[in-house]
Amino acid sequence: MDQLLGFVKKEFTHIFRDSRTMVILFGIPIIQLMLFGYVITTEIKDARIAILDHSNDNVTREIKNKILSSGYFRLEANLIQDNEIDPIFRKGDVKEVIVFEKGFAENLEREGKANIQVIADASDPNTAQMLFNYTNGIVQDYTKKKFAGFTIPLQIKSEVRMLYNENMVGAFMYVPGTMALILMLISAMMTSITIAREKEMGTMEILLVSPLKASHIILGKVAPYLLLSLIDAFVVVFLGNVVFGVPIRGSLFVLAFLVILYITMALSLGILISTVANSQQVALFISGFALMLPTILLSGFIFPIENMPVPLQILSNFMPPRWFIDALKQVMLKGNGFAYIWPNVLILCAMTLFFLGLSVKKFRLRLE
Amino acid sequence: MDVITSDNKPIIQVKELVKKFGSFTAVDHISFEVNKGEIFGFLGANGAGKTTAIRMLCGLLEPTSGALKVAGFDGYHQREAIKRNIGYMSQKFSLYEDLTVYENFRLYAGIYGIPRKERIKKTDELLKKLNLEESRNKLVAGLPLGWKQKLAFSLALFHQPAVVFLDEPSGGVDPLTRRTFWDLIYEVAHQGITIFVTTHYMDEAEYCNRVAIMSEGKIVALDTPLALKEQYHADSMDGVFLKIARNKE
């Protein structure tokens, strides 16, 4: 036991003495969380638009006011002619142009029908779709209130309520995803690199020849990263809660259990990588390429799994972060407990055992 | 150079030792004994089976067949005991470069379960002997190569092993430093610690009490450097090595 403690102590010294490691451990998680939280936001705020009002009557003015005071849009230009629309899109100044037809109020009164044309810059399709939805929503709302007395025959109305994230805050999605990414980065990448470093420096030989058991060597290498990952997980949850208002509706115990399970999985993956990689560079390459990309792309972190082609959907089942992110969202946003997340827990457990088993086998093979 | 045989008790006993990897025989029925306090050189080209043999002697690999005893412990069932009673120094010197000299001592002492009090006393003694007192709290990374070599050697001896294995201990070190390093080796051997050394440098082979030369998994020559030179009519170990290689063809 004393042997192990000395070894763990040495591992901490390595970490605290290397400024690069410290940056990766404590700088990157915070930067990443801020980046994902603020920059890659899916919410619409102050989107620049232009308006071309051919009618300019009291109704169009009311609608315009309503749109511009919503907080979602900012008026960049008032256009006068149709041929101004194309250049303004090309210049990239605006994302959307709203066109009111001639005699808007008149048409509305006489025929009970008036047209608004919404033109959006679909070079970014998601944003375009969202801008349209927001605009449409505002116009619908206006008509509903303005003509509250009128009954339109056979109308189906849908009331929409966004459960668990009423305001559609993007951070609710990004905080669990960032957590999965950061923990993977620190646990799997850092352990595989630090073990590869011992091999590169030749110190691994010394350790193997010493009376230290192989399991102690691995444990000693891994334990510091388990602790540091836990600290990082705490930081992410804390910042997510305080800065972005991501709730923690489930029990902290379940949350902690889930995080520890995921870290253990990532650590065993790191050990597995280190049995294959003999240099830090190879370890970095494998963990960077083989772990980071799938974690970002195939886990449902950014892109919804349901929208993927079937082969990728099947592939995503083998991505541990997928199950972690899903369970994490359930616990944090829905307040679910083990009764709901047990399949995820079971899958993560199985994956951990698989990686550990494979590492032990590889390790033995290498020694032979 | 005369053979130091202060005590003729063999500390390493190898008899008909074999290691097979699948159908490939890496070590093919080798037999030899190394006495207490002897400096035993182990030579051979890359792929001759040297590394595999050493790994068995260090308790890292289980032999396929044959008898193996190191420091009185069996190479099959007492590999953990062997590990506790040997020291090992690799060609990379294998120090933790981002730890200080003192911290390296502390770590090794910890791994071998040496009590704190003894550790502190011995560390002080050794640092004094190696003239490294001033570098005590310096990072190993900043030390000259020759110092690292001495330091690595001292670390391998810290737990007072019966045998110390030196795997190409002079890689990249200039001849003068190599010479002073060998003075250190002689000193240790005189204290009764057995030295088992592999090397590429033939001048180092001359310093050994006895030399075994491996080729294709077998020991093809084993004697004192003097006797080997006579037997092969060569005036240096270099010549011996060349003639053996030629005979093989």
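Small disclaimer: the values here were computed from a predicted structure and weren't measured.

Visitor: Which residues make up the overall build of chain B, and what values do they have?
Guide: When helices and strands are counted, chain B shows nine helices and 10 strands. Taken over the C-alpha trace, chain B has a radius of gyration of 18 Å; the compact-globule value for 249 residues is 18 Å, and the two agree within 12%. Per-residue burial over chain B gives 41% buried out of 249 residues. Considering only intrachain contacts with a sequence separation of at least 6, the fraction spanning at least 24 residues in chain B is 69%.

Visitor: Could you give an account of the interface of chain B and chain A, naming the residues involved and the relevant values?
Guide: Contacts between the two partners involve 19 residues from chain B and, on the opposite side, 21 residues from chain A. Counting residues per element, the ones that place at least two in the side of chain B that touches chain A are helix 2 (79-84) and helix 3 (101-111) of chain B. Considering every element that reaches the side of chain B that touches chain A, the biggest residue donor is helix 3 of chain B, with four residues. Partitioned by chemical class, the residues of the side of chain B that touches chain A number nine nonpolar, four polar and six charged.

Visitor: So what's going on with the domain arrangement of chain A? Residues and values would help.
Guide: Here the domain parsing of chain A yields domain 1 (2-40 + 170-367) and domain 2 (47-146). Spacing between the C-alpha centres of domain 1 of chain A and domain 2 of chain A amounts to 47 Å.

Visitor: Account for the packing of helix 9 (residues 214-242) of chain A against helix 10 (residues 252-276) of chain A, with residues named and values stated.
Guide: Residue and element names in this part refer to chain A. Look at helix 9 against helix 10: their axes get within 10 Å of each other, and the N-to-C directions meet at 140°. In this view, helix 9 runs oblique relative to helix 10, as classed from their interaxial angle. You can see that helix 9 and helix 10 cross each other, and the crossing is right-handed. Where helix 9 abuts helix 10, its residues Ile218, Val222, Tyr225, Leu226, Ser229, Leu230 and Ala233 lie against Val259, Ile263, Leu267 and Ile271. Looking at the contact of helix 9 with helix 10, its residues break down into 10 nonpolar, one polar and no charged.

Visitor: Give me the environment of Ile314(A): which residues, what numbers.
Guide: Residues and elements named next belong to chain A. As for its position among the elements, Ile314 is in helix 12 (residues 310-316). Exposure remark for Ile314: the 10 C-beta atoms within 10 Å place this residue in the exposed category. It is 17 Å that separates the C-alpha atoms of Ile314 and Pro343, two residues lying 29 residues apart in sequence.

Visitor: Run through the nonpolar core, naming residues and quoting values.
Guide: Of all hydrophobic cores here, the largest spans 70 residues; its most connected members are Val164(B), Phe165(B), Ile195(B) and Phe196(B). Sorting elements by how many residues they give to this core places helix 3 of chain B first, with six residues. In this structure Phe196(B) touches Ile12(B), Val34(B), Phe40(B), Phe42(B), Val163(B) and Phe165(B), once residues within four positions along its chain are discounted. If you look at the next biggest cluster of nonpolar residues, it comprises 57 residues, including Ile263(A), Ile273(A), Ile325(A) and Met332(A).

Visitor: Pulling in residues and values, what's your account of the environment of Phe32(B)?
Guide: All names here are of chain B. With respect to the element layout, Phe32 can be found in strand 2 (residues 24-35). Separated by 206 residues in sequence, Phe32 and Asp238 place their C-alpha atoms 22 Å apart. Contacts of Phe32, omitting those with residues within four sequence positions, involve Val14, Ala212, Ile219 and Leu222.

Visitor: Lay out the confidence of the model for chain B in plain terms, naming residues and giving numbers.
Guide: Residue and element names in this part refer to chain B. The predicted model of chain B has a mean per-residue pLDDT of 88, with 96% of residues at 70 or higher. In the predicted structure, residues 1-6 sits below a pLDDT of 50 and forms eight contacts with residues beyond four places in sequence or in another chain. The ipTM, which scores confidence in the relative placement of chains, is 0.85 for this predicted complex, and the corresponding pTM is 0.79.

Visitor: Explain unusual backbone geometry to me, using residue names and the numbers behind them.
Guide: Residue and element names in this part refer to chain A. A positive phi angle is found at Asn56, which is not glycine, with a value near 50°. As for its position among the elements, Asn56 is in the loop between strand 1 (47-53) and helix 3 (58-68). The class of Asn56 is partly exposed, set by 13 C-beta atoms lying within 10 Å.

Visitor: Tell me about the pairing of strand 3 (residues 96-100) of chain A, and please be specific about residues and values.
Guide: All names here are of chain A. The buried fraction of strand 3 is high, at four of five residues. Where strand 1 lies against strand 3, five bridges are found, and the strand directions are parallel. Bridge pairing in strand 3 links Ile49 to Glu96. Two strands pair when backbone bridges link them, and strand 3 and strand 4 (residues 116-120) are joined in this way by five bridges, in the antiparallel orientation. Each residue of the ladder has a partner; that of Ile98, found in strand 4, is Val118.

Visitor: Requested: an account of the packing of helix 7 (residues 171-201) of chain A against helix 13 (residues 320-334) of chain A, with residues and values cited.
Guide: Residues and elements named next belong to chain A. For the pair helix 7 and helix 13, interaxial distance at closest approach is 9 Å and the crossing angle is 135°. With respect to helix 13, the element helix 7 is oriented oblique. Seen along the crossing, helix 7 lies across helix 13 with a hand that is right-handed. Along its contact with helix 7, which presents Phe172, Pro176, Gly177, Met179, Ala180 and Met184, the element helix 13 presents Pro321, Phe324, Ile325, Leu328, Lys329, Met332 and Leu333. Broken down by class, the residue content of the contact of helix 7 with helix 13 amounts to 11 nonpolar, one polar and one charged.

Conventions adopted
Every chain's residues receive numbers from 1 upward, in the order its sequence appears when written. Labels are handed out in written order, letters beginning with A for the chains and numbers beginning with 1 for the ligands. Where totals are concerned, whole chains, interfaces and linings use all residues; where local detail is concerned, this predicted model gives features only for residues with pLDDT of at least 70, and gives and counts side-chain atom pairs only at 80 or more. By the criteria applied, helices consist of DSSP H or I runs no shorter than four residues and strands consist of E runs no shorter than two, each listed in order from the N terminus. Just to be clear, the radius of gyration here is over C-alpha atoms, and the globule rule we use is 2.2 Å times residues to the power 0.38. Three classes are used. A residue is buried when 20 or more other C-beta atoms lie within 10 Å of its own, exposed when 12 or fewer do, and partly exposed in between, with C-beta atoms placed from the backbone. The contact criterion used here is simple: two residues whose C-beta atoms, placed from the backbone, lie within 7 Å are in contact. All amino acids are sorted into three groups, where Ala, Val, Leu, Ile, Met, Phe, Trp, Tyr, Cys and Pro are nonpolar, Asp, Glu, Lys and Arg are charged, and the leftover types, Gly among them, are polar. Each domain's limits were defined by an automated method or a database of domain assignments. Axes, fitted as lines to C-alpha atoms, cover a helix only where it is in contact. Angles between the N-to-C directions of the axes lie from 0 to 180 degrees. Roughly parallel means an angle under 35 degrees; roughly antiparallel means over 145; roughly perpendicular covers 65 to 115; every other angle is labelled oblique. Handedness of a crossing follows from how the near helix is turned relative to the far one, being left-handed for an anticlockwise turn of less than a right angle and right-handed for a clockwise one. Put simply, a nonpolar core is a cluster of buried Ala, Val, Leu, Ile, Met, Phe, Trp, Tyr and Cys residues tied together by C-beta atoms within 7 Å. What pLDDT reports is the predictor's confidence in each residue, on a scale of 0 through 100. Think of it this way: DSSP has to see at least two bridges between two strands before they count as a pair.

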